[in-house]
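Overview (structure and organization)
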Amino acid sequence: MSIVAGIDFGTLSVRVSIFDADRGRIGSGVASYPLHRRREDPEFATQSHADHMSALIAAVRLAIDAAKIDGRSIAAIALDATGSSVVPVGNRLEPLDDYYMWCDHRAWREAQRITSVARRIELEAIRWCGGTYSSEWGFSKLLHWLRNNPAKRKDLVTALEHCDLVAAVLCGIDDPDQVPRSVCAMGHKWMWSKTWGGLPPDEFLLEVDPLLEGVRAKMARGRYSTSNEIAGRLCATWAQKLGLQPGIPIPVGALDAHWDAVGAGVRLGGVVNVIGTSTCVIAVSDSQTLVPGLCGIVPGSVHPEHTGIEAGLSATGDIFDAIARRARTTVEALSEKAIGYRPGQTGLMRLTWDNGDRTVLVNPELGGATIGWNLLHEAEDELFAAIEGTAFHTRIILERLEEFGTRLDRVINAGGIARKNNLLNQVYANVLKKPVLVPDGDVTGLGSAIFAFMAIGAFRTIESAQKALCVPYRTFEPEESTTAVYEEMFGHFRQLYFALGQKDSAPAALGGLLPALRRITANQTGL
């Protein structure tokens, strides 16, 4: 009997799931931590390393109790985390500040500067992250920190992704030259690749800002590895805190959505939409093909033997929650009211840029827009339009992938929202014109557990682990009656998306949009 624990650090909580190789999930525990926001600065989003680690202790203890096992029987642990969630560290890897969370967009000016210089000098790395660098990524956040914390600059030893610092702490590693560096995180968020010798050159970084002098050498410290390598072994101090056996292996970590995709059953020819507070669109490929506007094409980032592809929406569940919050109700209540809605019947078209655009425009300066309001619209109408809008945006991403040669034979909707919201899954199937598979059970932490099992040799391949552990699917088939309406609406959405989302877009004739939405509503409601 092999037992492991998969640890998943989300935006608001950490979940620890304990799996048995034969029986699957046998217990789990969740502990939350605060996300620090500032009403006067909507771009601000930070978290405390101490809060993360305290929550981890609590969640592990809860999971062990739920599984009714001795924690010392757990043979390995593996962890993923949100990203790019960046913390500058000093001596012995002590945090110098809170994490810049992935959803912190204060570094949009820094991202623009990085993009501008990279394009001008034709930096190879920028081509592999879609041609545009994001405020959600590592160098942007680190540069923002350097610019705004002059008193702390001298203490900077390096900066770490969340998954890498947690792994180092658990293994008792405090030497920056020994710290594990996730190829998944560093490849997608820091422009790292073996192809061009690791990180971008000093000349480029100095051209971006002289404050980046010496940063390349600081960020190069550590062991860059894919997740089939071992980060280290659980140290005695943290074994005691967690109630586990010291010395158990911990593989190199990864970003949460990438391992969520593994747990949901990602494979060649498929894509997984990990739908939560945001959406990460994850695929694997057997070739390396550049795709403009995507977050990254990184060999070994999702599956060590394939090329990982990442795209996404900067907000999904966060938008739904905001709509419900403004209406002083819940997403569940609004979704119930929207059951039975026909395509386009609200007369609204929702551009879901409330937290900027991550793919394919990569523009954090955008804001959400809802077109077609009348005096009688209710919150449930806006929610339904937002669900349609996230589906339309996802279709733009998938069409871009297919345009540049990624084979997509099946679509999986994973994440907590997809598991709970059948209305959303059916809309996605209708808009994407493809069957949408939804795991019929909880897969949170399963990707982490698969890599933990691999670390102890319980499974020879990721595919064999997926076959043994992944849950069956519910299938949402596209409804033929929706095809014509959603094709027309998607045409309007696509035009709006590129016309309003790009500063240099050509003039667009939009005068027919509102009459078209009214006509669609009339046809759908019979009014």
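Residues numbered from 1 in each chain as written. Predicted model: local features only at pLDDT ≥ 70, side-chain atom pairs only at ≥ 80, totals over all residues. Heavy atoms only, no water.

Across its full length, the protein holds 19 helices and 23 strands. By the compact-globule yardstick of 24 Å for 527 residues, the protein fits well, its C-alpha radius of gyration being 23 Å. Per-residue burial over the protein gives 61% buried out of 527 residues. Sequence separation of at least 24 residues holds for 71% of the intrachain contacts in the protein that already meet a minimum separation of 6. Within the structure as shown, the protein displays about 20,300 Å² of accessible surface, and the carbon and sulfur contribution to it stands at 49%. Here the protein carries 53 positive and 60 negative side-chain charges, and the mean point of each set is 1 Å from the other. (Helix = DSSP H or I, 4+ residues; strand = E, 2+ residues; numbered from the N terminus. Rg over C-alpha atoms; globule rule 2.2 N^0.38 Å. Buried < 20%, exposed > 50% of the residue type's maximum accessible area, 1.4 Å probe, protein only. Contact = heavy atoms within 4.5 Å. Areas by Shrake-Rupley, 256 points an atom, 1.4 Å probe, with all protein chains shown as cover. Lys, Arg positive; Asp, Glu negative; His and termini not counted. Charge placed at Lys NZ, Arg CZ, Asp CG, Glu CD.)

Helix-helix packing is described using two parameters, namely the angle between the two axes and the distance between the axes. Where helix H1 (residues 49-67) contacts helix H5 (residues 162-170), the axes come no closer than 12 Å and their chain directions differ by 60°. Of the possible angle classes, the one that applies to H1 and H5 is oblique. The hand of the H1/H5 crossing is right-handed. Residue-level inspection shows His49, His52, Met53 and Leu56 of H1 in contact with H5, the latter providing His162, Leu165, Val166, Val169 and Leu170. (Axes fitted to C-alpha atoms, helices over the stretch in contact; angles between N-to-C directions. Parallel < 35°, antiparallel > 145°, perpendicular 65-115°, else oblique. Left-handed = near helix turned anticlockwise from the far one by under 90°.)

It is worth spelling out the nonpolar core at this point. In terms of nonpolar packing, the biggest core is built from 87 residues, with Ile18, Leu56, Ile77, Leu170 and Leu234 touching the most fellow members. Take this core: its biggest share by element is eight residues, from H1. Apart from the residues within four sequence positions on either side, Ile77 is in contact with Ala5, Ile7, Leu170, Leu234, Leu244, Ile248, Pro249, Ile250, Pro251 and Ala452. (Core = buried A, V, L, I, M, F, W, Y, C linked by side-chain atoms within 4.5 Å.)

Here eight bridges tie strand S2 (residues 13-20) to strand S3 (residues 24-32), and the two strands are oriented antiparallel to one another. Bridge assignment links Ile18 to a residue of S3, and that residue is Gly27. Hairpin connection between S2 and S3: a loop of three residues separates the two successive antiparallel strands. (Pairing = 2+ DSSP bridges.)

With that settled, the discussion passes to the sheet that holds strand S18 (residues 307-313). Strand order across the open sheet formed by seven strands is S17-S18-S16-S15-S21-S22-S23, with mixed pairing between neighbours. Edge positions in the sheet fall to strand S17 (296-299) and strand S23 (473-476), since each has one partner strand and no second. On average, adjacent strands in this sheet sit at an angle of 25° to one another, irrespective of strand direction. In this structure, strand S22 (residues 436-439) lies alongside S23, joined through four bridges in antiparallel fashion. Its bridge partner being in S23, Leu437 is matched across the sheet by Thr475. Against the sheet, helix H10 (residues 256-264) touches strand S15 (270-275), strand S16 (279-285), S18, strand S21 (410-414), S22 and S23, its axis set at about 120° to S15. Where helix H13 (residues 379-403) meets the sheet, it contacts S15, S16, S18 and S21, and its direction lies at approximately 150° from that of S18.

Burial analysis of helix H4 (residues 138-148) places nine of its eleven residues in the buried class, the great majority of the element. Three or more residues of H4 are buried, namely Gly138, Phe139, Ser140, Lys141, Leu142, Leu143, His144, Trp145 and Leu146.

Relative orientation of the contacting elements helix H12 (residues 331-338) and H13 amounts to 85°, with a least axis distance of 9 Å. It follows from the interaxial angle that H12 and H13 lie roughly perpendicular. Contact residues: H12 offers Val331, Leu334, Ser335, Lys337 and Ala338, while H13 offers Ala379, Glu380, Leu383 and Phe384. Grouping the constituent residues of the contact of H12 with H13 by class yields six nonpolar, one polar and two charged. (Nonpolar A, V, L, I, M, F, W, Y, C, P; charged D, E, K, R; others polar.)

With that settled, the discussion passes to unusual backbone geometry. Following Gly83, the chain continues to Ser84 via a peptide bond in cis, the omega torsion being 5°. With respect to the helices and strands, the residue Ser84 is situated in the loop between strand S6 (77-81) and strand S7 (86-89). Note the cis peptide between Thr359 and Val360, where omega equals 10°. When you line up the elements, Val360 lands in the loop between strand S19 (349-351) and strand S20 (369-371). In the Ramachandran plot, Lys68 falls in the positive-phi region, its phi being about 55° despite a non-glycine side chain. Phi at Leu93 is positive, roughly 60°, even though this residue is not glycine. With respect to the helices, strands and loops of the structure, Leu93 is situated in the loop between S7 and strand S8 (99-100). Look at Leu93 and you get buried, because its relative accessible area is 5%.

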